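Close look at the chain arrangement
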Amino acid sequence: MHNPPMIPRRGLFLVVAAAAALIGCGGTTDDRPAKWSFISATITEPSCATVNCHSEIAKRAGVDMHDRATGFDVMVNKGFADPAAPDDSPVIKLMNGQGARRMPPDMPLPDADILLIRNWIAAGATNN
Amino acid sequence: MRRLLLCLLVAGVGTFGFARGAAAYPQFQFSSGTNKCSQCHYSPAGGGLISSWGRSESGDTISMAGDGGFLHGAVTLPAWFAAGADLRLAVTRTDDGGDESPQGAWFPMQADAYLRFAFGDAFSLYVAAGARGETRPVDESAGSRLVGNLGDRFISREHYLMWRPSATGPYARVGRFYAPYGLRFVEHIYFVRRYAGYELYNETYTASGGYVADEWELHLSAFTPPPSSFPDALQSVGARESGAAGYFEYRLNGMAALAAQGRVGVGKEASRYQGGLVGKLWIEPAKLLFLGEADLIHQVVSAASYSQNQFVSYLGVSFFPVRGVMITPMFERFQENISVSTTGRNAGDLQINLFPYAHCEVVLFGRYMKVGQANQPAATLLMAQLHYYL
């Protein structure tokens, strides 16, 4: 009877876990499309349409961003996106926390995401 | 007795409040002497209502004192019936660099009740129901936070029928619950839950089957979101995806586990294809439990003719210096697009869980998060929770 080789196994688990948690970096070029179909699915729905905020069942402040159509309606028809002045659009100021509570309040967006939304607004804010 | 009264007071206050998921504490696997999640939970994958064994463990092993039984052991329920509840109250302070930061809030976080009915030795019906949270009430009054729109906030996140003839062996269940995947933390703000398809109230209608053995377990699931015709009380929040998930865990010597997992979620506008690894390691002499998870996600946004790869991970080590105390520093990372370095989020967290008396928990949590580029301001979150479970 002998003891199992615990140290090598422990070391293997630690290495696997540490490597798994720490990898991930990326390049500097942002080739993501400034399209509402992309922004809605990858940025606003997961970040804004959370359970207590702008989900279909919460509709905080009357704002529902749970899918592409409702989100587009909010952005354009409720005046959150202003193609004539993209940098001054209310949604951009909210996401930068300028003169208001920063949105989303629990998990700020990367500047790259805000720039992508700004570029979509500057391009006309269409439901593309 | 004073601690018990304090706990009951917290419960009374928390009963009016609300929200968060029926998940588990994977930190207690191995560290409490239990080999697998289903030893303490009725669910074969862990989470939700705890079994009589779990109640014993919660009093005798996890908490500093007290009886973990239903109503502190004052009532013995028949074998065919089990019940419980989770009540949480939270206080937070957030600072995200905005003009109105920092901000403070208190809110009822969770009020969920659980019922389980057993039919013979193999079949059971499980129902969890409560009220959605109100972290941002319509107005700042206590009444608005505690009972405002209470009727509109009723929700049943879990309800399922299960066939499970014995504690080990095959099982099958169908109904509403998360397809087993990942570390399945109770904390829904952890990146591996939030960004991997397990956001709060994102439970799906799921058919799941698997096998639980002493040294390994396998869970295979197919899922779909609640139909849009269902009432709000049965609706989900987050990505509406249909798909399948699998989780296989292999355990070693009651002190370590390695798991592989995969998930496919197909939505109307976007789909996700993801896979990952989970590692668990308990070092008994040092009272340290390492938990790690890493997932790669391939996201296809068909409407935009674009796809991207994402990465989400968790690495934490829980230290149990004395019975009733758990201290966990952790690191989290989420990269929205692996090809774009400025879409990353890194968070360093510290969580202290105190279990001064059976049924009672105090959670202290701090997060320091860097988002995007180096010159973006850091975001911090401080949170204290009072938790009572029935």
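Residues numbered from 1 in each chain as written. Chains lettered and ligands numbered in written order. Predicted model: local features only at pLDDT ≥ 70, side-chain atom pairs only at ≥ 80, totals over all residues.

**Section: the overall build of chain B**
Formally: Secondary structure elements are defined from DSSP: runs of H or I of at least 4 residues count as helices, runs of E of at least 2 residues count as strands, and each element is numbered from the N terminus. The quantity called the radius of gyration is restricted to C-alpha atoms. Its globule counterpart is 2.2 Å times the number of residues to the power 0.38. Three exposure classes are used, based on other C-beta atoms lying within 10 Å of a residue's own C-beta, which is placed from the backbone: buried for 20 or more, exposed for 12 or fewer, and partly exposed in between. Once C-beta atoms are placed from the backbone, any two residues with those atoms within 7 Å are in contact.
In terms of regular secondary structure, chain B is built from four helices and 16 strands. The globule rule puts the C-alpha radius of gyration for 390 residues at 21 Å, and the 20 Å found for chain B is close to it. Seen through its C-alpha atoms, chain B measures out along the principal axes to roughly 60 × 50 × 45 Å. In chain B, buried positions account for 52% of the 390 residues. Sequence separation of at least 24 residues holds for 57% of the intrachain contacts in chain B that already meet a minimum separation of 6.

**A look at the interface of chain B and chain A**
Heads up, the rule is: Gly is put with the polar residues, along with every residue not named as nonpolar or charged; the nonpolar set is Ala, Val, Leu, Ile, Met, Phe, Trp, Tyr, Cys and Pro, and the charged set is Asp, Glu, Lys and Arg.
Taken together, the contacts link 58 residues of chain B with 45 residues of chain A. Put simply, the parts of the chain that give the side of chain B that touches chain A at least two residues each are β9 (256-266), β10 (270-283), β11 (288-301), β12 (306-319) and β13 (325-335) of chain B. Residue classes in the side of chain B that touches chain A are distributed as 26 nonpolar, 23 polar and nine charged.

**Details of helix α2 (residues 52-62) of chain B**
Residues of α2(B) that are buried include every one of B:G54, B:R55, B:E57, B:S58, B:G59 and B:I62, and no others. Turning to α2(B), the residues buried within the fold contact β14 (344-357) of chain B.

**What to know about the packing of helix α2 (residues 36-48) of chain A against helix α3 (residues 68-77) of chain A**
Residue and element names in this part refer to chain A. Stated precisely, the cut-off is as follows: In this analysis, axes come from line fits to C-alpha atoms, helices being fitted only over the stretch in contact, and the angle between any two N-to-C directions falls in the range 0 to 180 degrees. Any angle that falls under 35 degrees is termed roughly parallel, while one over 145 is termed roughly antiparallel, one within 65 to 115 roughly perpendicular, and all others oblique.
Packing of α2 against α3 brings their axes to within 10 Å, and their N-to-C directions diverge by 95 degrees. With respect to each other, α2 and α3 are oriented roughly perpendicular. Across the interface between the two elements, W36, S37, S40, T44 and E45 of α2 pack against R68, G71 and F72 of α3. Tallied by class, residues from the contact of α2 with α3 come to two nonpolar, four polar and two charged.

**As for the pairing of strand β1 (residues 81-95) of chain B**
Residues and elements named next belong to chain B. Spelled out, the test is: Paired strands are those between which DSSP finds at least two bridges.
Relative to strand β2 (residues 103-119), β1 is paired through 14 bridges, and the arrangement is antiparallel. Across the sheet, residue D86 finds its bridge partner in β2, namely D112. Here 10 bridges tie β1 to strand β16 (residues 379-389), and the two strands are oriented antiparallel to one another. From the neighbouring strand, R93 faces β16, where its bridge partner is L382.

**Quick notes on helix α5 (residues 111-122) of chain A**
Residue and element names in this part refer to chain A. Test applied: Here the expected length of a helix is defined as 1.5 Å per residue gap, with one fewer gap than residues.
When the terminal C-alpha atoms of α5 are compared, their 16 Å separation across 12 residues agrees well with the 16 Å that a helix rising 1.5 Å per residue should span. Where α5 is concerned, the buried positions are A112, D113, L116, I117, R118, W120 and I121. Looking at the buried side of α5, the elements it contacts are α2 and α4 (90-96). Looking one or two places after α5, you find G124, whose phi comes out positive at around 120 degrees.

**Digging into the environment of B:A90**
Residues and elements named next belong to chain B. Topologically, A90 is positioned in strand β1. What makes A90 buried here is the crowd of 23 C-beta atoms within 10 Å. Considered as a pair, A90 and E203 are 113 residues apart in the sequence and their alpha carbons are 23 Å apart.

**Details of the confidence of the model for chain B**
Put simply, the test is: pLDDT gives the predictor's per-residue confidence on a scale running from 0 to 100.
Put simply, chain B has an average pLDDT of 90, and 91% of its residues get 70 or more. Per-residue pLDDT stays below 50 along residues 3-22 of chain B; that stretch engages in 63 contacts with residues further than four places along the chain or on separate chains.

**Concerning unusual backbone geometry**
A cis amide bond links A:M103 with the next residue in sequence, A:P104, at an omega value of -10 degrees. Even without a glycine there, the phi angle at B:K287 is positive, about 55 degrees. By the element assignment, B:K287 lies in the loop between β10 and β11. Given 14 C-beta atoms within 10 Å, B:K287 falls into the partly exposed group. The phi dihedral of B:H359 is positive, around 85 degrees, even though this residue is not glycine.

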